[in-house]
Every structure is written in structure tokens, then in C-alpha cells.
Amino acid sequence: MSFNSLHFILFFPIVTILYYAFPHRFRWLLLLVASCYFYMVWIPKYILVLFFLILVDYAAALLIERTEERTRKMFLVASLVSNILILAVFKYFNFLNDNLTALLSLFDIRNPVHSLDIILPLGLSFHTFQSMSYTIEVYRGNTPAERHLGRYALYVMFFPQLVAGPIERATHLLPQFRQQFFFEYERVTDGLKLMTWGFAKKVVIADTLAIFVQQVFSNPTQYPGVPIMMAMVFFTFQVYCDFSGYSDIAIGAAKVLGFTLMKNFDRPFHAESIAEFWRRWHISLSTWFRDYLYIPMGGNRGSKLRQSLNIMVVFAIVGLWHGADWRFINFGLFHGLCIVTSLWTVTIRKHITDITGLNRLPAFQKGLRICLTFSLVCVGSIIFRAFTVSDMYYMVTHVFSGVGEFFLNITDMHALETNLLLDGRFREFMVAVCSIALLLGVQAQQGRGSVREMIATKSPLIRWGVYYIAIMFILAYGKLDAETAQEFVYFQF
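None of these values were measured; they are calculated from a predicted model.

Caption draft 1: Main features of the pattern of salt bridges. Following the criterion strictly, the structure yields 14 salt bridges and no others. Here Asp291 ties to Arg169 by a salt bridge, and the two come within 3.1 Å at their closest N and O atoms. Placement of the pair is Asp291 in helix 11 (residues 283–297) and Arg169 in the loop between helix 6 (149–157) and helix 7 (170–173), with a sequence separation of 122 residues. No difference in accessibility class separates Asp291 from Arg169, as the two residues are buried. It is possible to trace a salt-bridge network through shared partners that takes in Arg169, Arg290 and Asp291.

Caption draft 2: Structural context of empty space enclosed by the protein. In this structure the tally under the stated criterion is three cavities of 30 Å³ or more. The computed volume of the largest cavity comes to approximately 150 Å³. Around the largest cavity, the lining comprises 13 residues; the ones closest to its centre are Val239, Trp281, Phe331, Val377 and Ser381. Only helix 9 (225–256), helix 13 (326–344) and helix 15 (362–385) provide two or more residues apiece to the lining of the largest cavity. Here the lining of the largest cavity is built from residues that sort into nine nonpolar, four polar and no charged. Residue assignment for the lining of the second largest cavity shows that the elements contributing at least two residues are helix 2 (24–40) and helix 6. Tallying contributions element by element places helix 2 first for the lining of the second largest cavity, with four residues.

Caption draft 3: Fine view of the nonpolar core. Counting 137 residues, the largest nonpolar core has Phe8 and Phe158 as its most contacted members. A per-element tally of this core places helix 9 first, with 18 residues. Contact partners of Phe158, with chain neighbours within four places excluded, come to Leu31, Ser35, Leu173, Phe177, Ala254, Leu257, Phe259 and Leu261.

Caption draft 4: Seen up close, a nonpolar patch on the surface. Residues Tyr468, Ile469, Ile471, Met472, Leu475 and Leu480 make up a contiguous nonpolar surface patch of about 610 Å² in total accessible area. Inspection of the secondary structure puts Met472 in helix 21 (residues 460–477). The class of Met472 is partly exposed, set by a relative accessible area of 32%.

Caption draft 5: Examining the packing of helix 12 (residues 304–322) against helix 13 more closely. Taken N-terminus to C-terminus, the directions of helix 12 and helix 13 make an angle of 155°; their axes are 7 Å apart at the nearest point. Here helix 12 is positioned roughly antiparallel relative to helix 13, judged by the angle of their axes. The handedness of the crossing between helix 12 and helix 13 is right-handed. Here Lys304, Leu305, Gln307, Ser308, Ile311, Met312, Phe315, Ala316, Gly319, Leu320 and His322 of helix 12 come into contact with helix 13, specifically with Phe328, Ile329, Phe331, Gly332, Leu333, His335, Gly336, Leu337, Ile339, Val340, Leu343 and Trp344. Classifying every residue of the contact of helix 12 with helix 13 by side-chain character gives 15 nonpolar, seven polar and one charged.

Conventions and cut-offs
Residues numbered from 1 in each chain as written. Predicted model: local features only at pLDDT ≥ 70, side-chain atom pairs only at ≥ 80, totals over all residues. Heavy atoms only, no water. Salt bridge = Lys/Arg side-chain N within 4 Å of Asp/Glu carboxyl O. Helix = DSSP H or I, 4+ residues; strand = E, 2+ residues; numbered from the N terminus. Buried < 20%, exposed > 50% of the residue type's maximum accessible area, 1.4 Å probe, protein only. 1 Å grid on protein atoms, 1.4 Å probe; cavity = no way out; pocket = protein on both sides within 12 Å on 5 of 7 lines; lining within 4 Å. Points joined across faces, edges and corners; volume = space filled by probe spheres on them. Nonpolar A, V, L, I, M, F, W, Y, C, P; charged D, E, K, R; others polar. Core = buried A, V, L, I, M, F, W, Y, C linked by side-chain atoms within 4.5 Å. Contact = heavy atoms within 4.5 Å. Patch = residues over 30% accessible without salt bridge, like charges linked within 9 Å, V, L, I, M, F, W, Y side chains within 5 Å. Areas by Shrake-Rupley, 256 points an atom, 1.4 Å probe, with all protein chains shown as cover. Axes fitted to C-alpha atoms, helices over the stretch in contact; angles between N-to-C directions. Parallel < 35°, antiparallel > 145°, perpendicular 65-115°, else oblique. Left-handed = near helix turned anticlockwise from the far one by under 90°.

Structure, rendered in C-alpha cells:
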């Protein structure tokens, strides 16, 4: 089930009403049944994959807790291997097999293994990572093994964050399923406000931007620099609004029910470096890789060369996590290379700022770093989104072609419409541009404090006026019908 569907608009209020009507001891069962239904709306039989992983990890955690060190490690490995194998079969088998076929063909050898005709289960990467974090935390002694199979199943399948996160830790989410939450007006309305903001980011901003992004990326060699630059920037905001919009709806929906999910985005376009960008972007994933891969590999310990190697390995896997395609691996390696380059050029950059006097202009220097980081993120977006290596190369090398001519003819409305891909879409273009401006304005305010709390201090007339405008904004400009609605980008991961 998708959040931006009529199905969910009917499903969520019904579940919420029943949740608060049920006695506390039965609420876990209601949420588990609702979560199963939420998942089975897509392809029902794939819930068996979830059940298998739940049983394996539930049993493994109990055995880890009860046995001695050597055996404990064996059960942990068995759990991790089970999760990774499921992920490998459904998500990576065909990718690995196709690459093996290409390699063998160089030696005129035929690969006897055929590709599998299977569909990737919805959100598989998310709930396998959540399951693996559970058994790792039990092994480390940070959380006790959950005895209640139903509550553990709910931890893996909790519908607000089942498909695209945030990837929750057992230490944070599991204890909440034992708590009794009462209906609290302020908490429920805060959750609904956050959901509304998430819907606005998704159906208005992301889905409108998708129109222009798809047009360029589907055939990039037909366009000069300005449309490429526009598509590059628009796609960066599209992915952010799409994914952070999902996270806002998930966190808001959980909050309506009384649960607290971790913050998944923290104004990433205000980052002053790629390393900081990843501390602000998809926080549940970046901290997962930090805690369970980067630090165990050695992290920042050891030589600068070893640290650089750790970073590159982690980001190659981050890229592969996003999808079974070389463009995703290249995307990860690009971000890793940016961080490694920053690591090795600290002294040089400090010397340059001293010579140029930028160190005496901290605000300007900060703005420069933010602009440079955003530019690198946009280049990474091309690598992420381009269908082929040749398309990616063309877009990167032609991003500035014809820009001077564009500004010389900026008063020519026909040339302007052609370059901006308006083609009768002036309304959508203005919605996209104004929405991005609104988004940046809201985030600027968020840097000074919560926007929701600020609105809550205003008079009822102003508060309800803002809520009314927000809802009308979604209804008027959102892509809500079956033809224009877009699936969430991260559903494919």
C-alpha cells in the first residue's frame, strides 16, 4: 500500500480509531494484522519472505542470548547470512549473473545459469537491515532478545516504516510496543501536521518536478546545458522531497499512534561538506553503515590511507544498497571519493583560505562551502539517475553548454520556453519553482526552531488559516489522480 493512495487515506483513520478503542493488551495484534494487510496489498505471497526472516532472526536472537561466545557468533553469522542471502537472491542475483555472463563472453564461454524472473519484494533492503541490526545488538548485549514473537514481528513489520524506513533500532522501537499510549490531542495533531507536510513534499513538489526530470533523463542527448542543469537540480530536490516526504508521513503516522521514530533527514542542503551531507541525509541508513560496517572495519583509526580505504568500501556498498546497477555503485564511489578528497586536502584548503582572506569572511566562506557541496550532490544525482554511462557522461560534460546564449536570449519568450521545457507546462514549472522556494524558506526557519511550534503560538485564526491553505495547496496542485501520481522513489530499494 502506498501512502499517496486513496487506500491509505481510508486505511489509516480506521486503524487509528480501532487502536485507541482496543484494550492495550490487544493493540500489538491489531497493529501486526494491519501491517500484514498493508504489505499484502502489493504482492500477498511475498509476506512469506518476511515471515521466514522474522522466524530465523527471532530464534537466532534467543539462541545468541543463551549460549557461550563461540556458539553465539555462529548463530549471529547464521542470522546475517540468511538475511543477506534473501537480499542477494531477490535483489542482486540477476545483476551478478549478467555481469558474469558478460565476463565469460569475453572468452567465448556461455553462462549456463539463466536469470531469475522475479520481482523485488517491496522495501526488502529496509526490513532486512532492520532485522540484522536487531541480532547484532542482541549479540553485543545492548538489548535483550525479545521473547514475544508477535511483538518482534511487529518490530520488523510496523506499517508506517515498513517499506522505506526509517531503519529503526531494536533498542529504540521494541520497548515502545510495551508502552500504553493514550489519545493526546496535541501529539495526534502534531503527527497529522507532519503527515500533511510530508504529503505536500511528495505529491506537490516531488511529483511536479518528476515531469521535467523524466523528460530530460529519458533522452538527455537531445538537450543543451540549461535543460540538463535544470533537470539535475530538479531531480536532486525531487529525490529529497520524495524520500523525506515519505519519512515525514511515516514519522507522523507513528506519532499519531503514540510511537516515536528516529529523524531521518536534517536539512541536508545546508551541509558544508559531503561528509556532513551524509550525516544529514537518510540518517537511519548512514548511521547503520557507520555503526555496523565502518567502525568495525576500523573507522577513523589507523593511517589516513586505511581510513580512505574504509570510506571507499563503505560507500561502494552504500551505492550497491541503492540498487543492483553499476550506476548506483558509481554514485556511492563518487560520494566516497569526495569525502576522501576532502580528507586529504585539509591542509591545502586551509592554506588557500588563509592566502585569499576567506577566513576573515566566515559567512561568505560558509555559503561557498554549501554551494560547492550542493553542486557535488547534483553531479551525484546525474550519476544516480542517468540510465547509461554514455548518458551520464554527456550530461556531465554538457551541463554548461549554451548557458551564455541562454542568458543573452533570456527576454525571448519562445527561447525561454524551449530551454525551460515549458511546452504548455508553465503552471507546473511555476509550482515547481515556488515550491522549492517555499521548501528552502521553511528549512531556513527550521534552523531557528520548529515551524510547527511557531505556528502553534499564533492565534486560532492564523493557525487554521495556515492548515487550510496547506490542504488546499495539496488538493489544487498535488498529483493525486492515477495518471499523474508517482510511486515513491525508494520503493524500488
